[in-house]
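Fold and contact review
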Amino acid sequence: MKHFEGRPRLGIQGPTVSWLDPWEEERSASIMRTGTGSVVPAQDQTPPPRDFMDAIGRLGADFYVHHVIPGAPDHAGLWRDAEACGMDVCLGNEYGNINGPYIEGTSRFDVADADVLEAAESGRLMGLLYDEPEHLQINAAQYRKDGFYPHWGATNGLTLAESQEAVVETVAAATSRVRRLLESRGFEPGDAPLIAEHVFPVLFHAHARGGMDLCPKIMKESFQPLQLSTALGAAKQYGRRLWICADLWGPDAGPWFTRTSGFPGHSPEEYASALRMGYWMGPSHLFAENVDVLLKYEGSEFRKTEFGEVWEEFARKYVPENPLSWNHSEAEPDIAFIHADDSNYGQNERLYGNHGLTAGDEGKSVFHVWHLLSHRTIPAHGSCMHIPGYSFPRHKLKADFPQEAFPLERGVAMPPEERMHPLFYPMNNVLVYDERVGEALLGTPRLIVVAGTRLSEETLLAVRRRAEQGAAVIIASWLVPERWRTSGRVGEGTWIVADSFLDNDAVQETLEPFIGGGDCWRQRFGSGEVRMFRGDAAGFTLDFEIVGKRGG
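In short, a report on the structure. For every chain, the first residue of its written sequence is number 1, and the numbers climb from 1 along that sequence. pLDDT decides what is reported in this predicted model: residues at 70 or higher carry local features, side-chain atom pairs at 80 or more are listed and counted, and totals for whole chains, interfaces and linings draw on all residues regardless. Excluded from the side-chain calculations are hydrogens and water; all other atoms, namely the structure's heavy atoms, are used.

1. What about empty space enclosed by the protein?
Condition: Here a cavity denotes a set of grid points, spaced 1 Å apart and computed over the protein atoms alone, in which a 1.4 Å probe fits but from which it cannot get out, and a pocket denotes an open set meeting protein on both sides within 12 Å along at least five of seven lines; residues with an atom within 4 Å of a point are reported as lining. Grid points are joined across faces, edges and corners, and a volume is the space filled by probe spheres set on the points. A run of H or I in DSSP becomes a helix once it reaches four residues, and a run of E becomes a strand once it reaches two; helices and strands are each numbered from the N terminus. The classification used treats Ala, Val, Leu, Ile, Met, Phe, Trp, Tyr, Cys and Pro as nonpolar, Asp, Glu, Lys and Arg as charged, and all other residues, Gly among them, as polar.
Across all of its chains, the model carries three cavities of 30 Å³ or more by this definition. Size it by volume and the largest cavity reaches roughly 140 Å³. What lines the largest cavity is a set of 15 residues, and nearest its centre among them are V202, H339, N344, V366 and F367. Counting only elements with at least two residues in the lining of the largest cavity, the list comes to α9 (224-238) and α12 (361-373). At four residues, α12 tops the list of elements feeding residues into the lining of the largest cavity. Counted by class, the lining of the largest cavity contains seven nonpolar, six polar and two charged residues. If you add up the space inside the second largest cavity, you get close to 40 Å³. What lines the second largest cavity is P15, D21, Y64, H66, H67 and Y95. Per-element tally for the lining of the second largest cavity: the top contributor is strand β2 (residues 63-67), with three residues. Residue composition of the lining of the second largest cavity, by class: three nonpolar, two polar and one charged.

Structure follows, in structure tokens:
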């Protein structure tokens, strides 16, 4: 994977509640543009298309993420304006996922072949973004209400491993179809990858194995180190590009410009830290969701909000003054966490969209490991905030204000202690690999933790050899053959077999030298390293220390 020349490409995603689609104003007024289940009227006038494209360019974006409206007759105007403004475009499928039409037997909208080819012919196409495919595989009734149709197809009747393989095979067929389509017209298929944009930290490895590039959402309702360690590991294991979406939808409310309940669900200060956090992960692309929160269109001109000021400072000042000397593919773990991905983020059912599969104790062991690696700050019963124990302040905002009251220029003055989404959790340079990781890719981490429901023979042997060569290994007993179920010294290293991870003295004693202090989150990229600390008492903002090689 090539070096990204000191910075990721920066982009901005199109409007959802602020103004209508500048190129398809009438059509966009009649469809659902958010996941709220209703048509939300636009809050601002619709700007002229060229003015809109110019405005995001002035903010420092060099690409635009466009929501494709199903059934739009053509996009010629979009491509003319993109060319005139020097803006590349990524086409997203979110509106189709919400409204249809769907691929038969699924809740998935694919951008039509004719639209893909038209985009490729413009010379401005840079990718096809699939919005939250992991969410819509598991929670298939999120948008489509006439039945349960998982995003990549039905898995009922299959085992857990077979369900995973069915998803991987369908993803591989989708990526191959687009590659063949572009190749048939003489285009370079690698210039328009399919990208999986995740709100939950599951299916990263499945999508990557099927051929998709990866795009974790940051902010949102995620535990940031868990989300990014998982995405970084999947991208490295399968040689995929890493995009990052700085998603302003979220759980909190406060005294900031607010388009609707939960949007934005993060403060401007958190947003500023999150952009820097995402940047130091070395992604190939980083974009903001959505433009609605960055700009208002008033009369005949755009006005930046406080969030627009944050983005512009990041794009125009912070990035040029802090060039990257690494990219995400150089991530090297001190702690490798290996587990099969059961698609469980704490919902404990509908694994891979399969109604016959529920989570057992072996699968839940993954959450227990994250709990320990984070100094017990990440809960032991799930991997994001859509689990019991979290009450989102945005729900109060929705109850107190009718839709027509928005936007709120200064938000609402809720007590700061009611906010529940910090950025900071301690983590000491972790990458996540799946149950198929080979010995060469595994590298030489100092600590290896193996949990979850299944493990390949190749990976088991690789982990055992790493223990013999000096690594400390903690492995779930149900993943180990009888001959290796004795804990103790193995060659130069340590082999700890655990029947459970929580409240296990041997596990805790083995972890202790490797998990670092509770005041730092580290991620290493070759000889460079980013260290993140609480920027405030609760960790809603971050302070950064960059160690090792720097750009110049």
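2. Points about the pairing of strand β16 (residues 447-451)
Which entries qualify depends on this criterion: With a 1.4 Å probe rolled over the protein chains alone, any residue whose accessible area is under 20% of its type maximum counts as buried; one over 50% counts as exposed, and the rest are partly exposed. Only strands that DSSP links by at least two bridges are regarded as paired with each other. Crossover handedness is defined by viewing with both strands directed away from the observer: a clockwise path from the first strand over the helix to the second marks the crossover as right-handed.
Burial within β16 is extensive, with five of its five residues counted as buried. With burial as the criterion, each face of β16 is covered, one bearing L447, V449 and A451 and the other bearing I448 and V450. Pairing of strand β11 (residues 335-339) with β16 involves five bridges; the strand directions are parallel. In the sheet register, I335 faces β16, and the bridge partner there is L447. Pairing of β16 with strand β17 (residues 472-476), which is carried by four bridges, proceeds in the parallel orientation. Across the sheet, the residue bridging to V449 is I474, located in β17. Viewed along the sheet, the connection from β16 through helix α15 (residues 457-468) into β17 turns out right-handed.

3. With respect to helix α3 (residues 76-85)
As a reminder of what qualifies: Working rule for contacts: check all heavy atoms of both residues, and any pair within 4.5 Å makes them a contact.
G77, L78, W79, D81 and A82 are the residues of α3 that are buried. Its buried side turned inward, α3 meets α2 (49-58), β2, β3 (88-92), α5 (113-122) and β4 (125-131). Looking one or two residues beyond α3, the residue adopting positive phi is G86, at roughly 65°.

4. Here we look at the environment of F257
Counting through the fold element by element, F257 comes out in the loop between β7 (243-247) and α10 (268-279). Setting aside residues no more than four positions away along its own chain, F257 makes contact with P264, D292, V293, K296, T305, E306, F307, P407, L408, E409 and G411.

5. Notes on the sheet that holds strand β22 (residues 542-547)
In plain terms, the rule: Angles run from 0 to 180 degrees between N-to-C directions of axes, and those axes are lines fitted to C-alpha atoms, restricted for helices to the stretch in contact.
Pairing is mixed across the open sheet formed by four strands, whose spatial order is β14-β20-β21-β22. If you trace the sheet from one side to the other, it starts and ends with β14 (427-428) and β22, each paired once. Bridge count between strand β21 (residues 528-534) and β22: six bridges; the pairing is antiparallel. Looking at β22, one finds that E529 is bridged to V547. The strands touched by α9 are β14 and β20 (521-525); relative to β20, the strand with the most contacts, the crossing angle is about 20°.

6. Side note on the nonpolar core
To be explicit about the condition: Joining through side-chain atoms within 4.5 Å is the link that ties buried Ala, Val, Leu, Ile, Met, Phe, Trp, Tyr and Cys residues into a set, and such a set is a nonpolar core.
Grouped together as the largest cluster of nonpolar side chains are 155 residues, with contacts concentrated most on Y271, L294, W311, F337, W370, L373 and W495. Excluding its chain neighbours within four sequence positions, the residues that come into contact with W495 are L460, V463, R464, A467, V473, I475, V480, W484, T486, S487, G488 and V490. One finds V65, M126, L129 and F287 within the second-largest nonpolar core, a separate group that totals 10 residues.

7. Here we look at the layout of surface pockets
One number sums up the size of the largest pocket: a volume of about 900 Å³. Contributing to the lining of the largest pocket are 36 residues, with G35, T36, Q142, W249 and R394 lying nearest its centre. Split into classes, the residues belonging to the lining of the largest pocket amount to 11 nonpolar, 14 polar and 11 charged.

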